[in-house]
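Reading the structure
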Amino acid sequence: MRSSYQYEDVIFLLKDITGLVEPQPAKERERLIQSGRHYCEMLPVEYVPSAAYMETYQEALRHFAVPVAAAIERLSDKIMARRGDSAVLVSLARAGTPMGILIRHYIRKKYGIDLPHYSISIIRGRGVDHNAMKYLLERYKPEQILFVDGWIGKGAILGELEKEMASYAGVSPELAVVADPANMTELCGTHEDLLIPSSCLNSTVSGLVSRTFLRDDIIGKDDFHGAVYYGGLSASDLSCDFIRTIESEFGSGYISGEEQVTGRGIDEVRELAARFGIEDINLIKPGIGEATRVLLRRIPWKVLIRQECREDVSMAHLIRLAEEKQVPVEYFPLRHYKACGLIQKLADT
C-alpha cells in the first residue's frame, strides 16, 4: 500500500483499493451502521477542514508537541526495557501509524537501533487481518511482534487483540499506546487524556491513507484488508510535517504532572450510558481522540467536556468543530477523560 510517508518508516500491509469504493456521506453511513451494516464495509467522505479549523490544529500542534514527544520518549524506553532490540513494531492503521514512526525515530536516535515497522488493520467485531499476521510470522518470531496504537478509549481494540491473539501462540496481545486515560495498560507514555494533534485530522496527517476496509466483493480471502490512497489531497498533506514537529521536541525534558485516576475507563463509560439513556455503549466515544473522530466522521448528538477543561487549549479544536457542525457542548464531571463524544441514535431523529 502506498502512502506519503518515507518507505523506510513504515510498510503498510494493506490492499490498495483506490477507485473501487465510493465514499458515503456521514448521515447515510450512520443510518446504515445503526441499521446493522458494519462500518468497515463503507468509507466516509473525508472532512475538508475549514481555514479556522486548520488554525486550531496548528495551535494544538504548537501547544502539545512537547508533551506528546515526552510521552513517545517514555513509551519507547519502556518498549526497549521490555522487548529490547528484537522488537518489530506493528502499528494499527491508521491512528497508530504516526505513533509507530515516532517510536521508531526516537529509538534510532537514542539507542542507534532501526526497528522494523509495519502497519496492519484490525477492525472491531471483525478481528485482525490474518493475512497480514501470516506475512509477519513468516518473517519474524511470534515474541518479536509488538502492537502499537495512539490511545486507548474504552479498550475495544485491546479486547479485540486479546481475543484474536489467542489463536497465535507466542504473540502477545499487549498494546503499546501513547495515551491510556482508560487505565488499562502500563505500556503507555501517559495515563493523561492527552491531545495527540494527529487525532484532529484524517488522512492528511496519516500518510494520505484512508481508514481500513473489509468487504467480500473487494477483499478476497488471500488479500490484506483494504485502504484508499487520497493522492488528490497531496497539497494539504501534513503527515511528514507532523512527524518532524513532534520529533524536533525529543529531549525537551518535559515532565508530566498527571495524576492517575483509579478504576477503569469502561466503568465510567457504563455510568455515562446510564446517565444519558444510551443502550449501546458503541455510541459513546470517550477521550479527546475518540470525541474528535465522532465530530469528523459520525453524526454527533453532543460532546461532553470535563468541567475543569472549559478553557483548556486541548479543547479548542473540539469546540471549533462542534460550532461548525452545530453540535451542543455540555460541561460534565468526567474523571478519566477530558472529553467524550456521544453519537446520535438516528431512530430518535
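Structure: see above.
The paragraphs below set out a description of the structure included in this document. Remember, predicted model here, so these are calculated numbers, not experimental data.

Here's the deal with the overall build of the chain
Scanning the chain for helices and strands turns up 9 helices and 14 strands. Radius of gyration (C-alpha) of the chain: 19 Å, near the 20 Å computed for a compact globule of 349 residues. Judged by the C-alpha coordinates and their principal axes, the chain covers about 50 × 50 × 40 Å. Within the span of the chain, comprising 349 residues, buried residues form 58% of the whole. Residue pairs in contact within the chain that sit at least 24 positions apart in sequence constitute 81% of those at least 6 positions apart.

Some details on the environment of Lys302
By secondary structure assignment, the location of Lys302 is in strand β12 (residues 300–306). On the accessibility criterion, Lys302 (14% relative accessible area) is buried. Expressed as a C-alpha distance, the spacing of Lys302 and Val313, which sit 11 residues apart in the sequence, is 19 Å. Side-chain polar atoms of Lys302 contact the side chain of Glu330, separated by 2.9 Å.

A look at the sheet that holds β12
If you trace the 4 strands from one edge of the open sheet to the other, you get β11-β14-β12-β13, paired in mixed fashion. Two strands lie at the open edges of the sheet, namely β11 (284–286) and β13 (329–332), each paired on one side alone. This sheet shows a mean twist of 20 degrees between the axes of neighbouring strands, independent of strand direction. Along the sheet, helix α7 (residues 265–276) makes contact with β11, β12, β13 and β14 (339–343), crossing β13 at roughly 120 degrees.

Structural notes on the pairing of β14
Across the 5 residues that make up β14, a large majority, 5, are buried. Alternating positions in β14 separate into two faces, Ala339, Gly341 and Ile343 on one and Cys340 and Leu342 on the other, with burial throughout. Pairing between β11 and β14: 3 bridges, direction antiparallel. Within β14, the position partnered with Pro286 by the bridge is Cys340. Strand direction decides the pairing type here: β12 and β14, joined by 5 bridges, are antiparallel. Bridge pairing in β14 links Pro300 to Ile343.

Side note on the pattern of salt bridges
Side-chain pairs of opposite charge can arise where the charged atoms are in close proximity. A complete count under the given rule lists 24 salt bridges for this structure. Ionic pairing is found between Lys221 and Asp222, a salt bridge with its closest N-O pair at 3.3 Å. Taking the relative accessible area as the measure of exposure, Lys221 reaches 74% and is therefore exposed. Residues Asp267 and Arg270 are paired through a salt bridge, measuring 3.4 Å at the closest nitrogen-oxygen approach. Of this pair, Asp267 and Arg270 both sit in helix α7, separated by 3 residues, roughly a single helical turn. Look at Asp267 and you get partly exposed, because its relative accessible area is 37%. Residue Arg270 is classed as partly exposed on the basis of its relative accessible area of 47%. Shared partners join several salt bridges into a network, and the residues in it are Asp9, Arg104, Arg108 and Asp114.

Let's talk about the nonpolar core
If you look at the biggest cluster of nonpolar residues, it comprises 63 residues, and the most contacted ones within it are Ile72 and Phe242. Of all elements in the fold, only α2 (51–83), α3 (96–111), β7 (145–151), β8 (175–179), α6 (239–247), α8 (288–297), β12 and α9 (316–325) reach the threshold of two or more residues within this core. Residues contacting Ile72, with those up to four places away along its chain left out, are Met99, Leu102, Ile103, Tyr106, Val178 and Phe250. In terms of nonpolar packing, the next biggest core, distinct from the first, is built from 40 residues, Leu136, Ala273, Val294 and Phe332 among them.

Some words on the sheet that holds β7
By definition, the strands of a sheet pair up through backbone hydrogen bonds, in either a parallel or an antiparallel sense. Pairing is parallel across the open sheet formed by 6 strands, whose spatial order is β1-β4-β3-β7-β8-β9. Edge positions in the open sheet fall to β1 (11–12) and β9 (188–190), since each of these has one partner strand only. Relative to strand β4 (residues 117–120), β1 runs parallel, the two sharing 2 bridges. If you follow Phe12 over to β4, its bridge partner there is Ser119. Docked against the sheet, α3 engages β1, β3 (88–92), β4, β7 and β8, running at close to 115 degrees with respect to β7.

Comments concerning the packing of aromatic side chains
Evaluation of the coordinates by the stated rule reveals 8 aromatic pairs. On the basis of an interplanar angle of 70 degrees and a centroid distance of 5.1 Å, the ring pair of Tyr106 and Phe250 is categorised as edge-to-face. Here the residue Tyr106 occupies a position in helix α3, and Phe250 occupies one in the loop between α6 and α7, the gap between them amounting to 144 residues. Take Tyr106 and Phe250: they sit in the same class, and that class is buried. Taken together, the ring pairs in this structure connect Tyr118, Tyr135, Tyr140 and Phe224 into an aromatic cluster. Its end group placed over the ring of Trp301, Lys302 keeps NZ or CZ at 4.7 Å from the ring centre. Across from the ring centre of Tyr331, 3.9 Å away, lies the NZ or CZ of Arg310, which sits over that ring.

Parameters and conventions
- Residues numbered from 1 in each chain as written.
- Predicted model: local features only at pLDDT ≥ 70, side-chain atom pairs only at ≥ 80, totals over all residues.
- Heavy atoms only, no water.
- Helix = DSSP H or I, 4+ residues; strand = E, 2+ residues; numbered from the N terminus.
- Rg over C-alpha atoms; globule rule 2.2 N^0.38 Å.
- Buried < 20%, exposed > 50% of the residue type's maximum accessible area, 1.4 Å probe, protein only.
- Contact = heavy atoms within 4.5 Å.
- Polar contact = N/O pair within 3.5 Å; in protein donor to acceptor, adjacent residues only side chain to side chain.
- Pairing = 2+ DSSP bridges.
- Axes fitted to C-alpha atoms, helices over the stretch in contact; angles between N-to-C directions.
- Salt bridge = Lys/Arg side-chain N within 4 Å of Asp/Glu carboxyl O.
- Core = buried A, V, L, I, M, F, W, Y, C linked by side-chain atoms within 4.5 Å.
- Phe/Tyr/Trp six-rings, centres within 6.5 Å; stacked < 30°, edge-to-face > 60°.
- Lys NZ or Arg CZ within 6 Å of the ring centre and 35° of its normal.

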